[in-house]
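Close look at the chain arrangement
Letter by letter, the chains look like this.
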Amino acid sequence: MRFRLRIFLSCGCLLLLFTVVDWLLRLKDEREMEFLKTGHLFNQSSGANWGMVVEQRSQWLSDVCKSKNLWGDTHVSELALDNIFVSDRHNILFCQTPDGDDDEWKKLLIALSGTFSSVEEIPEKLVHDYEKNGLPRLSSLTPQEIRHRLKNYFKFFIVRDPFERLISTFEGKFLFNKPSEPWYKYTIGPALIRKYRKSSHHLRDTGLVFDEFVQYLGDEDGRKAMDWQFGQHIIHWAPYMELCTPCDIHYDVIGHLETLEQDTAHILRRAGIEQLGSYPPISPGIAHYNKTKVERYFSGISKKDIRRLYARYQGDFYVFGYPTPGFLLN
């Protein structure tokens, strides 16, 4: 009896030790980032010099990428090359980031190709028909052509708060699914339910719920086989670090959805297309971070699953200067 008790106590002590060590390592990483941030001043108010804001962001990204690799190995992968679109007419590379208003940017670049006189004339189907819309993927070019464009073209993409982005993805793909995208609701959703829903779950007769989506995203081992099965559809929730590899590709501008109006004007000017086209009107509220909504969605998620999710998107939080969601993690 005493022997069993000793084993039980030993296992308990080891578990406590591992938990404390893991917490201390995360705290160390957080403090390293906070220390690094003290050397950077982020003034993103509407009256700020936006060229200076973009430069501060770029310097921050460069310093973080050099400081420590906290988010795994990154390189210019096939996924990134597939995700970057080329406008040879205006020497522009655009890395698409779903839920970052990327369709509007693609429409603008298609219109600038000269086929359409305005963004409004472009059919929705054409935006995603990459063989006909005049925006080839970077992966379709030869290695030499890829290197030339990465070195010489103007490069940009748009990001948003990582957790709010996941909520938007969940709503757009699984909750209010478009009829034109049935595979999210009828293929991917059921696959996630089969793996992550408990048999006694009171929602067993409903569609995918946010809790199950979070479990999948934070499941480092179980997710890999499923991601291979889901193919290109994972771009809607893959971290920006994987989609655009900003530590390996030098982007001229990385805009934020929260400051889309200022970033859009700056991108058009820096890309030299300010006089050639205009960005579609920005919908009211699209650039507003909704903390209340984020809290509501995560209120039913366990701290364990939130921490696993944060571990996966930690790079996106750090590199793009988004604050650690302490109100969820603490």
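Residues numbered from 1 in each chain as written. Predicted model: local features only at pLDDT ≥ 70, side-chain atom pairs only at ≥ 80, totals over all residues. Heavy atoms only, no water.

Describing the layout of surface pockets
In this structure, the largest pocket spans a volume of roughly 950 Å³. Lining the largest pocket we find 32 residues, and of these Asp103, His128, Lys173, Glu181 and His236 sit closest to its centre. Among the elements that take part in the lining of the largest pocket, helix H4 (residues 102–112) stands out by supplying five residues, more than any other. Residues belonging to the lining of the largest pocket are distributed by class as follows: eight nonpolar, 10 polar and 14 charged. (1 Å grid on protein atoms, 1.4 Å probe; cavity = no way out; pocket = protein on both sides within 12 Å on 5 of 7 lines; lining within 4 Å. Points joined across faces, edges and corners; volume = space filled by probe spheres on them. Helix = DSSP H or I, 4+ residues; strand = E, 2+ residues; numbered from the N terminus. Nonpolar A, V, L, I, M, F, W, Y, C, P; charged D, E, K, R; others polar.)

Focus: the pattern of salt bridges
All chains considered together, the criterion is met by 13 salt bridges. Between Lys106 and Asp103 there is a salt bridge, with its nearest N and O atoms 3.8 Å apart. Placement of the pair is Lys106 and Asp103 together in helix H4, with a separation of three residues, close to one helical turn. For Lys106, a relative accessible area of 1% gives the class buried. One salt bridge connects Lys107 with Glu104, and the closest N-O pair in it is separated by 3.9 Å. Taken as a pair, Lys107 and Glu104 lie in helix H4 at a separation of three residues, close to a single helical turn. The exposure class assigned to Lys107 is buried, which follows from its relative accessible area of 9%. For Glu104, a relative accessible area of 22% puts it in the partly exposed group. Connected through salt bridges with shared partners, the residues Asp102, Asp103 and Lys106 form a single ionic network. (Salt bridge = Lys/Arg side-chain N within 4 Å of Asp/Glu carboxyl O. Buried < 20%, exposed > 50% of the residue type's maximum accessible area, 1.4 Å probe, protein only.)

Considering the confidence of the model for the protein chain
The predicted structure's coordinates, where accompanied by low pLDDT, should not be read in detail. Chain-level pLDDT for the protein chain is 82 on average; 80% of the residues reach the 70-or-more range. Confidence drops under a pLDDT of 50 for residues 31–41, and excluding neighbours within four residues, the segment shows 19 contacts in the predicted structure. (pLDDT = per-residue confidence, 0-100. Contact = heavy atoms within 4.5 Å.)

A word on helix H9 (residues 210–218)
Burial within H9 is extensive, with eight of its nine residues counted as buried. Residues of H9 that are buried: Phe210, Glu212, Phe213, Val214, Gln215, Tyr216, Leu217 and Gly218. Elements in contact with the buried residues of H9: helix H7 (162–175), helix H8 (182–196), helix H10 (220–230), helix H13 (291–298) and helix H14 (303–319).

Digging into the nonpolar core
One finds Phe213, Tyr216, Trp237 and Phe298 to be the most contacted residues of the largest nonpolar core, which totals 59 residues. Of the residues forming this core, the biggest block, seven residues, is contributed by H14. Setting aside residues no more than four positions away along its own chain, Tyr216 makes contact with Leu192, Tyr196, Arg223, Met226, Asp227, Phe230, Ile234 and Trp237. One finds Leu126, Ile158, Leu260 and Leu268 within the second-largest nonpolar core, a separate group that totals 29 residues. (Core = buried A, V, L, I, M, F, W, Y, C linked by side-chain atoms within 4.5 Å.)

A short note on the state of the cysteines
By definition, a disulfide links the sulfur atoms of two cysteine residues through a covalent bond. All chains considered together, the criterion is met by two disulfides. When the bonded cysteines of the protein chain are numbered from the N-terminus onward, they pair as 1-4, 2-3. (Disulfide = S-S within 2.5 Å.)

Quick notes on the side chain of Asn133
Looking at where Asn133 falls in the secondary structure, it is placed in the loop between helix H5 (124–127) and helix H6 (143–152). Take Asn133: its relative accessible area is 3%, and that puts it in the buried class. Within the local environment of Asn133, its side chain forms a polar contact with the backbone oxygen of Leu126, the two atoms lying 3.3 Å apart. A polar side-chain atom of Asn133 sits 2.9 Å from the main-chain amide nitrogen of Leu135. With near-sequence residues (within four places) excluded, Asn133 lies in contact with Ile110, Leu126, Val127 and His128. (Polar contact = N/O pair within 3.5 Å; in protein donor to acceptor, adjacent residues only side chain to side chain.)

Quick look at unusual backbone geometry
We note that Asn91 has phi near 55°; this positive angle belongs to a residue other than glycine. Looking at the element boundaries, Asn91 is found in the loop between strand E1 (84–87) and strand E2 (92–95). For Asn91, a relative accessible area of 37% corresponds to the partly exposed category. Positive phi is not limited to glycine here, since Thr245 has a value of about 40°. Positionally, Thr245 belongs in the loop between helix H11 (240–243) and strand E4 (253–256).

Quick notes on the environment of Phe298
Tracing the backbone through its elements, the reader meets Phe298 in helix H13. With a relative accessible area of 3%, Phe298 lands in the buried category. Separated by 87 residues in the primary sequence, Phe298 and Asp211 place their C-alpha atoms 8.2 Å from one another.

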